[in-house]
Structure formats: structure tokens, C-alpha cells
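A structural walkthrough
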Amino acid sequence: MIFALLLPAFAQEPTALSLEEALRRAQPASEDIAAAEAGIEGARGQSLGATSGLLPQVSASASYQHTFASEYDALFEGADNDMASPFSNLPFGQADTYRVDFALSQVIWAGGRNRAAMRLAEAGREGAGLSLDAARATAALTTTQAYCDAALADQLVDIATVALTQAETTAAHARLAHDVGRQPEFEVVRADVEVQAQRVVVIQQTRVRTMAHLQLKRLLDLPAATSLTLTTALDDRPGLAEAAAGVAGVSTGDRAVVRQAEEAVRVSQASLGMTRSQRYPTLAASANYGWVHYPDGVLPEFTAENAWRNNFTAGLVLSVPIFSGLRVTGELVSARAALTQAEARLAQAVELAELDEADADAALVASDAQWAATAGTVTQAERAYAIAEVRFQEGLSTQSELADARLLLQRARASRAQAARDLQVARARLALLPALPLGGAPSY
């Protein structure tokens, strides 16, 4: 009944899942990757916006205007028709006016503002790409850790279950020995207590396994009711770390966090250039071509000769900043401070990246040593328990000796499984390290 409450998902037909398949499923299921991909689209939009400053701007407009009263209404009052007719098509005081205009403008010189905007957009695009690489690597490492945690939890449940079976066997032998008068009742009671205590351990490990599987299914965007059978064993099998790096698309090279800090410096430099450009003159060319019509009534005319008149103008505009109320000066101070901060963060990122790499190397060495140290422990613990069991059944040792041997065997198997988990996670972290952000170390 207890196991049915703790493991509702395991009552269904299990789904086989390897680590490689989990890594492939995790990439499209990651919200961080989706957000990073959206960031790349945003950076592409900023790049298009920056390019627009180098291209001509073309616009069109059409308008209609009706004048109800005008200061020119009495201009030709009292004048004969011959005098007023030459001015009938002028814009002064016309009741109805139609206009169609096309405008063209091109910035010729903006003090380097457009070039700085292009550098800013390029740096933003590079930073967005690095963020996507970091999101993919983080998803791969998180999935590897979750898969190994779930596999470790499976093994710990199996180890606890085997220990429970051994305790029940010991209790059965104790009852048999008590029935024939070879063991006191105390040994039977003690054996029953150990069985109940081991049942609690099994229940606790089962709960841990349930939560580990739920965490893995969350990362893979699988329903919580899905039952998983993990097919990748926790052992010294090579290639798992390389598989994680391959799925995440991680290649060797400089740390992404350092390159991101370098792009931040480029962004600050471009921002400083854009701020400086506000002190320089700007030169722009413009041209306007349009049609204007003053109909006798409300509706426009298209058949009358010279009903629509043309306007065509072109010119240059030179704008020279003289005094901005210290606004540009203040922005320059802020931009220089931001550049100094970015350069300091770059130096800090280089130092922390070196420390992070040293920690990853040390973690791999420690995990490898732990795996090697536990190589013969399980075999020796199994041999010790077999001897203690025979001695107990023959009445040559006490139940305490057998319980100690069983506890040592359980700990040895758990340590071996934990060492395998730590080794695989450490290898995956080191393989993914070029794209991982700082502080991306898994919990051990």
C-alpha cells in the first residue's frame, strides 16, 4: 500500500530512456534555450534597425483639407473677375485642397553615429549567440546530472531492497534457531527491529527515486505519470561526456563567459562612440516630389487640364550642435564609466574562468580517484557478508556481526554507485565547460 502511494507513475508500462535520448529531448524542451533563441531574433532586429541608418528613407503621404474660414477670404473682395482669376488656383484661402507627396532623405554624415550603431548591433548579435551556446550547454549538463541522479536513486533503491531481503532472511534464521532452542528471544526481536528499520530505508530511498524521476521528466517535458526505465548504466563507460557536448554543440576554445565579457566591452565602446557623435555636425540630403490640387468642389478633378500641379524640391540640411545644456557631457561621463566597468568585469571573468577550470579539473581527478578506490570494496564487502552469514547460521557468530557486515556491504554498494554518478557528471561538466557560464558547477 505504501509503495502504491509513493510510486503511482511506476504502475504503468515503463518507457526505456537512454542518456543520449534524454539529451536530445532536453534541448527542444528547455525554456532557457527558447528564450536565448528569441534573443537572437531580437539581436537580428536590432541589426536591421542599425543598418537602416545607412540606407535612404522613403515615405509617401496623401491628404485632404477643407477650409471653412480663412484670412484670405476678403483679399479679392470687390475686385473684378479678371484680377481675381489668376489667383484662383493659388493655395491662399482655397476651400478644398488635395496633396500627394513623396519624400526621400539620406544621411550623408552623422559624426560616426551609424558606424557605432552597426558595431553595437554586431556585438549584441555575437552576445546573443554566446547566450544560446551557454543555454544549450547548461541544459545538457543539467540533464546529465538529473539522469545520473535518477539512475543513482534506482540503484540505491535496489541496494536497500537487497539489504531488506537479507535482513528478512536473518530474521527467519533467528526464529528457526529460537524454535529449536539455539537462540534467545532477544535475537528474534532484534532481527525483527532490523527488518522494520530497513523497510523505512527502502521507503525513504523510494521517495528519493520518485522525486529524481519527476525532476528528469520535468526537464524532458514529459508527463509526470510517465514511467521511465533508465537504460544507461552508471559505470566507467566512456563517451557519455562527448555525447553531451555533441548534442549541445560545444566545441573547444575560449570560455564563452570570457567572450561574452569581451562583447560587453565592445558594446560599451560602441555606446561611447554613439554618445561622442552627438558633438559632431550632421549632414543630410532630402528631396520631395508631390502633386497639389484645388478643386472647385469637394471631389477632385482628373480630366481638367493642369488640374494637378507639381512640387519638386531638393536640398541639404546641416545641423551643428552648439549647446545641449550639459546633456551630452553627462552622457559621455556615464558611457566612460560603463566602459570602465565592462573592462573590469572582463578581467574578473578571465580570473574566475581560470578558477572554474581548475575546479572542474580537480573535481574530475577526485571523482576518478573515488571510483578507483571503490573498485574492490564491493567485492570484499560481499565476501565478508557471505562469511558472516555462514558463521551466523552455524552459530559461530552473533547477529551483531552479521548486521555490521550487511551495513558495510550496503554502504560499499552505495559508495560505488555514488562514485559512478560523480565521475560521469564531472566528465560531462569538463566537456561542456567552454560554453558553460561561471558558477555552472553541479552539486556533489
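Report follows, based on the coordinates. (Residues numbered from 1 in each chain as written. Predicted model: local features only at pLDDT ≥ 70, side-chain atom pairs only at ≥ 80, totals over all residues. Heavy atoms only, no water.)

Looking at the layout of surface pockets
For the record, the criterion: Here the term cavity refers to a set of points on a 1 Å grid, laid over the protein atoms alone, in which a 1.4 Å probe fits but cannot get out; the term pocket refers to an open set having protein on both sides within 12 Å along at least five of seven lines, with lining residues being those that place an atom within 4 Å of a point. Grid points are joined across faces, edges and corners, and a volume is the space filled by probe spheres set on the points. By definition, any uninterrupted DSSP run of H or I lasting at least four residues is a helix, any uninterrupted run of E lasting at least two residues is a strand, and each is numbered from the N terminus. Just so you know the grouping, Ala, Val, Leu, Ile, Met, Phe, Trp, Tyr, Cys and Pro go in nonpolar, Asp, Glu, Lys and Arg go in charged, and all remaining residues, Gly too, go in polar.
Of the volumes computed, that of the largest pocket is approximately 200 Å³. Residue lining of the largest pocket: Ala26, Ala29, Ser30, Glu31, Asp32, Thr138, Ala139, Thr142, Thr143, Arg218 and Leu219, and that is the complete set. Residue assignment for the lining of the largest pocket shows that the elements contributing at least two residues are helix H2 (19-29), helix H3 (31-51), helix H5 (113-179) and helix H6 (185-219). The greatest single-element share of the lining of the largest pocket, amounting to four residues, is contributed by H5. Here the residues of the lining of the largest pocket are counted per class, giving four nonpolar, four polar and three charged.

Brief notes about the pattern of salt bridges
Worth spelling out the cut-off: The working definition used for a salt bridge is a side-chain nitrogen of Lys or Arg within 4 Å of a carboxyl oxygen of Asp or Glu. Whether a residue is buried, partly exposed or exposed follows from its accessible area with a 1.4 Å probe, protein chains only, as a fraction of its type maximum: under 20%, in between, or over 50%, in that order.
Summed over all chains, the structure comprises 18 salt bridges. Taking the shortest distance from any N to any O, the salt bridge between Arg266 and Glu122 comes out at 3.6 Å. With Arg266 in helix H8 (residues 256-277) and Glu122 in helix H5, this residue pair connects regions lying 144 residues apart in the sequence. On the accessibility criterion, Glu122 (35% relative accessible area) is partly exposed. The closest approach of N and O atoms between Arg266 and Glu263, which form a salt bridge, is 3.1 Å. Taken together, the residues Arg266 and Glu263, both in helix H8 and three residues apart, mark about one turn of the helix. Taken together, the salt bridges that share partners define one network made up of Arg255, Asp356, Asp359 and Arg429.

Looking at the packing of helix H7 (residues 240-248) against helix H11 (residues 399-432)
Definition in use: What counts as an axis is a line fitted to C-alpha atoms, over the stretch in contact for a helix, and the angles between N-to-C directions run from 0 to 180 degrees. Should an angle fall under 35 degrees it is called roughly parallel, over 145 degrees roughly antiparallel, and 65 to 115 degrees roughly perpendicular, with every other angle called oblique. Take the far helix as the reference: if the near one is turned anticlockwise from it by less than a right angle, the crossing is left-handed, and if turned clockwise, right-handed. Any two residues having at least one pair of non-hydrogen atoms within 4.5 Å are treated as being in contact.
One can describe the packing of H7 onto H11 by two numbers: an axis separation of 8 Å at closest approach and a directional angle of 40°. Relative to H11, the element H7 is oriented oblique. For the pair H7 and H11, the crossing hand works out as right-handed. Contact with H7, carried on its side by Leu240, Ala241, Ala244, Ala245 and Ala248, involves Gln424, Arg427, Ala428, Ala431 and Leu432 of H11 and no other residues of that element. Residue composition of the contact of H7 with H11, grouped by class: eight nonpolar, one polar and one charged.

Such coordinate-based values are descriptive only and should not be taken to indicate function.
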